[in-house]
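# Descriptive analysis of the structure
In case you want the letters, here they are:
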Amino acid sequence: MYYIDPHIHMVSRTTDDYETLAKMGCVGLSEPAFWAGYDRGSVDGFRDYFRQLTDFESRRAAIYGIQHFTWLCINAKEAENVELSRDVIAMIPEFLNAKGVLGIGEIGLNKNTRNEAIVFLEHIDLAMKTNEQILIHTPHLEDKYQGTRMILDMLISDNRIERHRVLVDHVEEHTIRPVLEAGFWAGMTLYPVSKCTPARAADMVEMYGPERLMVNSAGDWGPSKPTAVPDFILEMRRRGHGEELIRRIVYDNPLTFFGQSRNFDFQAPC
Ligand SMILES: [Zn+2]
């Protein structure tokens, strides 16, 4: 089955991983901007990173027939430096018309601090002024519930936001309901040893249905598995779910959501 991974950090992955993803059926992916493994010291560090995301990674993916899309921001981890964050936010528009840029992300909270919230709101303001879609990172583990509540409160209190143009990622059993009920898209991030597993994601599909729901692998610096979406497909088949339902979650839904971005020029495989 063809699939799209809507949230995977390929800068932390090898070219061999692109080959494996292609062999597993991956035909498209989107890579949100995130932490580089170290805190960057200047706006030029981010400018170079955005060049990597908008130019080099798309070419590396294309060698294996995978279409690469991306999202731009300064991540919550580095948002403690508000002055640098403001310089990065002011620079982002240089790249918003670049090929494959789907919007602003992944913005959000990490440790739910005041500075993170300030920078989150300033990203939202940029997205509203430039008519961009938004991809949101919710905190992990013990910070997730409170952080997700804070994020939803900030989003809902801004009446400029069209909720069907916002994806809230890393939802789990205790945060998925308010995200979907408010009208946002929700992403379940699958990890091999911690957080949400393919089986727990299948449970949530059975509870909430496929509407505005996606799964992704993150593929980040920590223990993560870039082929987690095929693991989810296998788990769904093992439970007897039909191909149409599975395909909706791993292919049709990402296409519908991404299709609302003006730079999404996906060519479906024939
Ligand atoms: Zn991420």
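In what follows, the structure referred to is the one given above.
Residues numbered from 1 in each chain as written. Predicted model: local features only at pLDDT ≥ 70, side-chain atom pairs only at ≥ 80, totals over all residues.

Once that is clear, we can look at unusual backbone geometry. The residue after Gly105, namely Glu106, is reached through a cis peptide bond having omega -5°. Mapping Glu106 onto the fold places it in strand 4 (residues 101-108). One non-glycine residue, Asn131, lies in the positive phi region at around 60°. For Asn131, a count of 12 C-beta atoms within 10 Å corresponds to the exposed category. At His170, a residue that is not glycine, the phi angle is positive and equals roughly 65°. Here His170 falls in the buried class, since 25 other C-beta atoms lie within 10 Å of it. (Helix = DSSP H or I, 4+ residues; strand = E, 2+ residues; numbered from the N terminus. Buried ≥ 20, exposed ≤ 12 C-beta atoms within 10 Å, placed from the backbone.)

Next up on the list: the pairing of strand 2 (residues 26-32). Within strand 2, 6 of the 7 residues are buried, which leaves it mostly tucked inside the rest of the structure. The pairing of strand 1 (residues 3-5) with strand 2 spans 3 bridges and is parallel. The residue bridging Ile4 from the neighbouring strand is Gly28, located in strand 2. Between strand 1 and its parallel partner strand 2, the chain crosses via helix 1 (residues 15-24), and the hand of that crossover is right-handed. As judged from the 5 bridges shared by strand 2 and strand 3 (residues 67-72), these two strands associate in the parallel manner. Across the sheet, the residue bridging to Pro32 is Trp71, located in strand 3. (Pairing = 2+ DSSP bridges. Right-handed = clockwise from strand over helix to strand, strands pointing away.)

Right, let's get into the sheet that holds strand 2. Pairing is parallel in the open sheet, where 8 strands are placed in the order 1-2-3-4-5-6-7-8. For this open sheet the edge positions go to strand 1 and strand 8 (213-216), each flanked by a neighbour on one side alone. Across the sheet, the axes of successive neighbouring strands diverge by a mean angle of 25°, strand direction being ignored. When strand 7 (residues 185-189) meets strand 8, the two strands line up parallel, connected through 4 bridges. Across the sheet, the residue bridging to Thr189 is Asn216, located in strand 8. In the packing of helix 2 (residues 43-62) onto the sheet, contacts are made with strand 2, strand 3 and strand 4, and the angle to strand 3 comes to roughly 165°. (Axes fitted to C-alpha atoms, helices over the stretch in contact; angles between N-to-C directions. Contact = placed C-beta atoms within 7 Å.)

Running from N to C, helix 3 (residues 82-91) and helix 4 (residues 114-130) point in directions that differ by 10°, and their axes come no closer than 10 Å. Judged by the inter-axis angle, helix 3 sits roughly parallel to helix 4. Across the interface between the two elements, Val82, Ser85, Arg86 and Ile89 of helix 3 pack against Asn115, Ile118, Val119, Glu122, His123 and Leu126 of helix 4. A per-class count over the contact of helix 3 with helix 4 returns 5 nonpolar, 3 polar and 2 charged. (Parallel < 35°, antiparallel > 145°, perpendicular 65-115°, else oblique. Nonpolar A, V, L, I, M, F, W, Y, C, P; charged D, E, K, R; others polar.)

This brings us to helix 7 (residues 198-208). Considered for burial, the residues of helix 7 that qualify are Pro198, Ala201, Ala202, Met204 and Val205. Looking straight down helix 7, one finds that the buried residues subtend no more than 160° of arc, so they occupy a single side. Counted as exposed and oriented over 90 degrees from the buried face of helix 7: Glu206 and Met207. Looking at the buried residues of helix 7, the elements they touch are helix 6 (176-181), strand 7, strand 8, helix 8 (228-238) and helix 9 (243-258). Count one or two residues on from helix 7 and you reach Gly209, which has phi positive near 80°. (Arc of directions from axis to C-beta.)

A few words now on the environment of Asn75. Take Asn75: it is sitting in the loop between strand 3 and helix 3. For Asn75, a count of 21 C-beta atoms within 10 Å translates into the label buried. Distance from Asn75 to Met204, taken between C-alpha atoms, is 27 Å for residues 129 residues apart in sequence. Each residue touching Asn75, except ones within four places of it in the same chain, is listed here: Ala33, Phe34, Trp35 and Glu106.

So, to be careful, I would describe these as geometric facts and stop short of saying anything about function.
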